[in-house]
There are 2 protein chains.
Amino acid sequence: MTPFSQPKVLAFDVFGTVVDWHGGIVREVEALGLAVDANAFALAWRGGYRPAMQRVMRGEQGWTRIDDLHRQILDEILPRFGLQAMPEEQRHALNFAWHRLDPWPDVVAGLQRLKQRFILTTLSNGNLSLLVDLARHGGGLPWDCVLSAETFQRYKPDPATYLGVARLLDVQPAQVMLVAAHHDDLAAARACGLGTAYIERPLEFGASQIKDVSPQDGNDLHARSFLHLTELLGA
Amino acid sequence: MTPFSQPKVLAFDVFGTVVDWHGGIVREVEALGLAVDANAFALAWRGGYRPAMQRVMRGEQGWTRIDDLHRQILDEILPRFGLQAMPEEQRHALNFAWHRLDPWPDVVAGLQRLKQRFILTTLSNGNLSLLVDLARHGGGLPWDCVLSAETFQRYKPDPATYLGVARLLDVQPAQVMLVAAHHDDLAAARACGLGTAYIERPLEFGASQIKDVSPQDGNDLHARSFLHLTELLGA
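The paragraphs below set out a description of the structure included in this document.

About the thresholds
- Residues numbered from 1 in each chain as written.
- Chains lettered and ligands numbered in written order.
- Predicted model: local features only at pLDDT ≥ 70, side-chain atom pairs only at ≥ 80, totals over all residues.
- Heavy atoms only, no water.
- Axes fitted to C-alpha atoms, helices over the stretch in contact; angles between N-to-C directions.
- Helix = DSSP H or I, 4+ residues; strand = E, 2+ residues; numbered from the N terminus.
- Parallel < 35°, antiparallel > 145°, perpendicular 65-115°, else oblique.
- Left-handed = near helix turned anticlockwise from the far one by under 90°.
- Contact = heavy atoms within 4.5 Å.
- Nonpolar A, V, L, I, M, F, W, Y, C, P; charged D, E, K, R; others polar.
- Pairing = 2+ DSSP bridges.
- Salt bridge = Lys/Arg side-chain N within 4 Å of Asp/Glu carboxyl O.
- Polar contact = N/O pair within 3.5 Å; in protein donor to acceptor, adjacent residues only side chain to side chain.
- Least-squares fit on C-alpha atoms with pLDDT ≥ 70 in both.

The next thing to look at is the packing of helix α4 (residues 66-77) of chain A against helix α5 (residues 88-95) of chain A. Residues and elements named next belong to chain A. Relative orientation of the contacting elements α4 and α5 amounts to 130°, with a least axis distance of 10 Å. The pairing of α4 with α5 is recorded here as oblique in orientation. The two elements α4 and α5 cross, and the hand of that crossing is right-handed. Taking contact as the criterion, the partners of Asp67, His70, Arg71, Leu74 and Asp75 in α4 are, on α5, Glu88, Arg91, His92, Leu94 and Asn95. In the contact of α4 with α5, the residues fall into two nonpolar, three polar and five charged.

Structural data, given as structure tokens:
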């Protein structure tokens, strides 16, 4: 950790950092009473996420929002779980499970404290309507604004996303700090001149696959939770 | 008034509808102790707004955010008020008066009630950083998201702005209702298939120039205030 300049804006990654996608998808799959391993299903669905975005980023597929990528992946994995007969209506409803993910327990209280001192925005690959639904579902995540890959028609880690936050909020890149549970996201933000805060989410992939959350070089801050982050930022 | 379909999203015009630009600019000009008629100064500054946007819309000037248009207009009007000697630093600070406008007294309570039932977004020609500052300044305007002409790189009344709200929030145009104190804005939204609610703001231009706020044909709703709007919407 080197001394860092106090940010004006905190930009938050959402899936895994703010909301517990694994727990939410497992809960919804189990609620449907499907004869599948809900943990494996959640991991497979999320596993298709990066390859799908990469198809868009390589130009093999035009701009496609995450809702539609999630649906493509769902259609791909259902046969692998013996669920190829799932009717359209159920597929559609299940796909919106991604709009009903709960925030981690520290999130609402942490954001409320951070909002007193910083401008809070999302910077997520999730589409805008998904992020708005998550904020309302989560008991009111108090974002000052909701920015998405969709705003820039580029997925993270494209520099246009990190630099776009600074441009739209009229600050220098160094006045934005990305808060994320993923080192690759943070490294891309750092390369654009943003500050970075890593958040430990050891249960991002569920209890069967505990994530290594040990500190790595290069981040300005390393926090166990959003409340810990408030302390590190003196907020 | 014809029967209207209940919206999912309320999109709010901001200058004049949500915040009192005239009162805010008068207050800041008076606080500087300038030897000018603050009322006339505020009206002249706002008077340059539409012509400046039209230069951008006609392509005579590339995309320019409102902060920069406000500054161009300020530089144009200062000599007319004998203030051509105003130093750069003071011009810059005065220009940010537009980020410190107060909401009308009914706004915060009205939005808090409306938020229980509807998704609330801005749809303003103001740039994103300005809208975020206004929301924080105004005691926390509880927007679910902040959309701006800047999001679409088109100023209202371009259809791309009204239709863009529906697209980004993943609803049909008829599921969006524009809330505004200006009939031309509402007419353009109506032409795109949005619902419309007119809000009476008789003091938008100050007490010296009371605005005619009598109902006009075509709007779904005509409300005296945001609290009256909640009643009309059954919220």
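All names here are of chain B. Taken in spatial order, the six strands of this open sheet run β3-β2-β1-β4-β5-β6, and their pairing is parallel. The open sheet is flanked by β3 (145-148) and β6 (221-223), the only strands paired with a single partner. Strand-to-strand twist in this sheet, taken as the mean axis angle between neighbours without regard to direction, amounts to 25°. With four bridges joining them, strand β2 (residues 119-124) and β3 adopt parallel strand pairing.

Contact with chain B, which involves 22 residues of that partner, is made by 22 residues of chain A. Applying the counting rule to chain B against chain A returns four salt bridges. Where chain B packs against chain A, one counts ten residue pairs in polar contact (both at pLDDT 80 or more). Listed by contribution, the elements that provide at least two residues to the side of chain B that touches chain A are α7 (128-137), β3 and α9 (159-168) of chain B. For the side of chain B that touches chain A, the element with the highest residue contribution is α7 of chain B, accounting for five residues. A class-by-class count of the residues in the side of chain B that touches chain A yields ten nonpolar, two polar and ten charged.

The subject of this paragraph is the relation of the copies chain B and chain A. The relation between the two chain copies is a rotation about an axis coupled with a shift along that axis. Rotating chain B by 180° and translating it 0.0 Å along the rotation axis places it on chain A, where the RMSD comes to 0.0 Å. Accordingly, the operation relating the two chain copies is best matched by a two-fold axis. Measuring from the rotation axis to each C-alpha of chain B, the shortest distance belongs to cysteine 145 of chain B, at 2.8 Å. Taken together, the interface assignments show that 100% of the residues at the interface of chain B recur at the interface of chain A, consistent with an identical surface on both copies.

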